[in-house]
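# Close look at the chain arrangement
As a plain string of letters, each chain reads:
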Amino acid sequence: MNQNEISEWLNKLPLLQQIIDKNEVLWVNPLNGHSDEGISQSGITAADVKDASERLRRFASYIQTVFPETREAGGIIESPVTEIPKMKTALADKYATDIPGTLLLKQDNALPISGSIKARGGIYEVLKHAETLALLHGLITTEDDYAKFAEPEFRNLFAKHKIAVGSTGNLGLSIGIMSAQLGFNVTVHMSADAKQWKKDLLREKGVTVVEYADDYSKAVEEGRRQADADPLCHFVDDENSIDLFLGYAVAGERLAAQMEKLGKTVDADHPLFVYLPCGVGGGPGGVAFGLKLQFGDNVHCFFAEPTHAPCMTIGMMTGLHDQVSVADFGLDNHTAADGLAVGTPSAFVGKKMEPLLAGCYTISDETMFELLTLIADTEEIRLEPSALAGMTGAIQTIGNEVPSAHSPNATHLVWATGGSMVPENEMDIYYGIGKAESRK
Ligand SMILES: *Cc1c(COP(=O)(O)O)cnc(C)c1O
């Protein structure tokens, strides 16, 4: 984009100047409309999400066979919802902002198998591909007990097939771990941001890891190119995959059941605000879609992005989606929130979100680290930096006077997207950075 074009955008959208200046801002989406219309425009239906949910149920007996940590939940990969009253008090103090409603944490950091939100979409897509192949080769019917997927004839079939993915890390972990467990020949194309321990862990599990000096988009592009040349290779396309999206969307019915169990009402008088860390958009987009199916206009979904990588914010504000990158506005896409280090958003997701998303906001790395340390100190919950992006959501919506955010009947739910896989020594370093930041 040249200087003239940038000036034109700044005239139209003055908030962009603050984004260029890397300030923490909230953008309210003017296209946000009635949920029913947004859902019907999306081309994705409640039946599609139900189909995904039923597929995960069919695989539950297999999952609990091969991942014993899921046995207690009957092979259903789900995370707890936790009330965090001490963190709420600490946040209110830090920002001198009253939070009259309830603050909840959706702990995807504790999701079994791969410890991040990617355990939803990523694992789902691999399972769906495995089921498709097994059905095609007559190894199974949908009426069978899927524990059979652990048998050698399945592994032999999958060993002839490849799965590939491009990732900043966590998607690679989910796809890699699940594919290797089933017996697939799996390659993860990793961007420069990806952490060494993630590459090591994957290689230990027999996954081929290809490293790139470039960022996420490059790793995806190269992975896609190599996979396209091979008919036996299934490429998990983080930017365009409907299966990933559906796997994430199942979270909606799961959260609705959990809210009911907790006795938390969601209706016109009890709005639910949900804050979702956003990278390329698939995870938060799919989850937001699932939540819209459950709660309609009573849920208000906001995406949270690093000040250095607000790709979805810029893509949606301008309506340019994947035709614009953060670099066009002089931003460098450098962030310690590796799950969010994405410079160009998914247009597939952005377009679906246009009529459904309440807004986006940004958060600095310094703030994420401070909040990482704060929630460790107050609630003894350890999260990775990306997972803290949702934590200033209530401060942003209340501070910017988003209607009903200040209501005592409001529930603010922070989607904590990852953390439990981070090695302890890495986590200690994060904690120390946050401590140092908060002393500044
Ligand atoms: C991937 C990831 C996200 C964002 O998901 P996208 O699908 O890339 O938008 C958020 N938090 C964590 C920890 C992640 O790994």
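Residues numbered from 1 in each chain as written. Predicted model: local features only at pLDDT ≥ 70, side-chain atom pairs only at ≥ 80, totals over all residues. Heavy atoms only, no water.

## What about the overall build of the protein chain?
When helices and strands are tallied, the protein chain shows 19 helices and 11 strands. Out of the 440 residues in the protein chain, the part that is buried amounts to 61%. Taking the intrachain contacts of the protein chain between residues at least 6 apart in sequence as the baseline, contacts between residues at least 24 apart amount to 74%. The average position of the 36 basic charges and that of the 60 acidic charges among the side chains of the protein chain differ by 4 Å. (Helix = DSSP H or I, 4+ residues; strand = E, 2+ residues; numbered from the N terminus. Buried < 20%, exposed > 50% of the residue type's maximum accessible area, 1.4 Å probe, protein only. Contact = heavy atoms within 4.5 Å. Lys, Arg positive; Asp, Glu negative; His and termini not counted. Charge placed at Lys NZ, Arg CZ, Asp CG, Glu CD.)

## Looking at the packing of aromatic side chains
What the rule picks out here adds up to 15 aromatic pairs. Taken together, a centroid distance of 4.8 Å and an interplanar angle of 80° make the contact between Phe59 and Tyr146 edge-to-face. With Phe59 in the loop between helix 4 (46-58) and helix 5 (60-66) and Tyr146 in the loop between helix 7 (118-136) and helix 8 (152-159), the pair connects residues that are 87 residues apart, well separated along the chain. Taking the relative accessible area as the measure of exposure, Phe59 reaches 0% and is therefore buried. Judged by centre distance (6.5 Å) and plane angle (20°), the ring pair of Phe273 and Phe302 falls under stacked. Taken together, the residues Phe273 in strand 8 (residues 272-277) and Phe302 in strand 9 (residues 299-306) connect sequence positions 29 residues apart. Residues Phe273 and Phe302 agree in their burial class; the two are buried. Aromatic ring contacts, followed pair by pair, group Phe59, Tyr62, Tyr146, Phe149, Phe154, Phe158 and Phe184 into a single cluster. (Phe/Tyr/Trp six-rings, centres within 6.5 Å; stacked < 30°, edge-to-face > 60°.)

## Some remarks on the UniProt feature "modified residue: N6-(pyridoxal phosphate)lysine" (unreviewed entry) in the protein chain
Using the residue numbers shown here, the UniProt feature "modified residue: N6-(pyridoxal phosphate)lysine" (unreviewed entry) corresponds to Lys118. Looking at the element boundaries, Lys118 is found in helix 7. Excluding residues that lie within four positions of it along the chain, Lys118 makes contacts with Ile123, Asn170, Leu171, Ser174 and Tyr248. (UniProt positions renumbered as here; feature names shortened; annotations may be inferred.)

## Looking at the site of the ligand
The full set close to the ligand counts 15 residues, and Lys118, Asn170, Gly281, Gly283 and Thr417 are the nearest of them. Residue Lys118 places a side-chain N or O atom 2.7 Å away from an oxygen atom belonging to the ligand. Within the contact set of the ligand, an oxygen atom lies 2.6 Å away from a side-chain nitrogen or oxygen of Asn170. Calculation on the ligand without its partners gives an accessible area of 370 Å², and the protein chains cover 98% of this total. By residue number, the principal contributor to the shell around the ligand is helix 14 (residues 282-295), which donates 3 residues. Looking at the shell around the ligand, its residues break down into 5 nonpolar, 8 polar and 2 charged. (Near = heavy atom within 4 Å. Polar contact = N/O pair within 3.5 Å; in protein donor to acceptor, adjacent residues only side chain to side chain. Areas by Shrake-Rupley, 256 points an atom, 1.4 Å probe, with all protein chains shown as cover. Nonpolar A, V, L, I, M, F, W, Y, C, P; charged D, E, K, R; others polar.)

## Side note on the sheet that holds strand 8
In any sheet, the strands associate via hydrogen bonds between backbone groups, in a parallel or an antiparallel arrangement. The 7 strands lie next to each other as 1-10-9-8-11-3-2, forming an open sheet whose pairing is mixed. Both outer strands of the open sheet, strand 1 (26-28) and strand 2 (81-83), are each paired with one neighbouring strand and no more. When the angles between neighbouring strand axes are averaged without regard to direction, this sheet yields 25°. Note that strand 2 and strand 3 (residues 102-107) share 3 bridges and pair antiparallel. (Pairing = 2+ DSSP bridges. Axes fitted to C-alpha atoms, helices over the stretch in contact; angles between N-to-C directions.)

## Observations regarding the side chain of Ser174
One can find Ser174 in helix 9 (residues 170-182). Of the residues examined, Ser174 reaches a relative accessible area of 0% and is grouped as buried.

## Section: the packing of helix 12 (residues 242-249) against helix 14
Orientation of helix 12 relative to helix 14, taken along the N-to-C sense of each, is 55°, at an axis distance of 7 Å. One way to sum up the angle between helix 12 and helix 14 is to call them oblique. Where helix 12 crosses over helix 14, the two elements pack in a sense that is right-handed. Where helix 12 abuts helix 14, its residues Phe245, Tyr248 and Ala249 lie against Gly282, Gly283, Gly285, Gly286, Val287, Phe289 and Gly290. A per-class count over the contact of helix 12 with helix 14 returns 5 nonpolar, 5 polar and no charged. (Parallel < 35°, antiparallel > 145°, perpendicular 65-115°, else oblique. Left-handed = near helix turned anticlockwise from the far one by under 90°.)

## Details of the nonpolar core
One finds Phe149, Leu182, Met353, Met391 and Trp415 to be the most contacted residues of the largest nonpolar core, which totals 144 residues. Split by domain, the residues of this core number at least three in each of domain 1 (3-114 + 249-439) and domain 2 (118-244). Residues within four places of Leu182 in sequence aside, it is in contact with Tyr62, Val126, Leu127, Ala130, Phe149, Arg155 and Phe158. (Core = buried A, V, L, I, M, F, W, Y, C linked by side-chain atoms within 4.5 Å. Domains from an automatic or database assignment.)

## Some words on the pairing of strand 8
Of all 6 residues in strand 8, 6 are buried; the element is thus mostly enclosed. After leaving strand 8, the chain enters helix 14 and then returns to the sheet as strand 9, a path that is right-handed. Sheet topology note: the strand 8/strand 11 (residues 411-416) ladder contains 4 bridges and is parallel. Across the sheet, residue Val274 finds its bridge partner in strand 11, namely Leu413. (Right-handed = clockwise from strand over helix to strand, strands pointing away.)

## Some thoughts on the packing of helix 6 (residues 85-95) against helix 17 (residues 365-379)
For the pair helix 6 and helix 17, the least separation of the axes is 9 Å and the interaxial angle reads 140°. Overall, the two elements helix 6 and helix 17 adopt an arrangement that is oblique. Classified by chirality, the crossing of helix 17 by helix 6 is right-handed. Residues Pro85, Lys86, Met87, Ala90, Leu91, Lys94 and Tyr95 of helix 6 touch helix 17, and the partners they reach there are Thr367, Glu370, Leu371, Leu374, Ile375, Thr378 and Glu379. Taken together, the residues that form the contact of helix 6 with helix 17 break down as 8 nonpolar, 2 polar and 4 charged.

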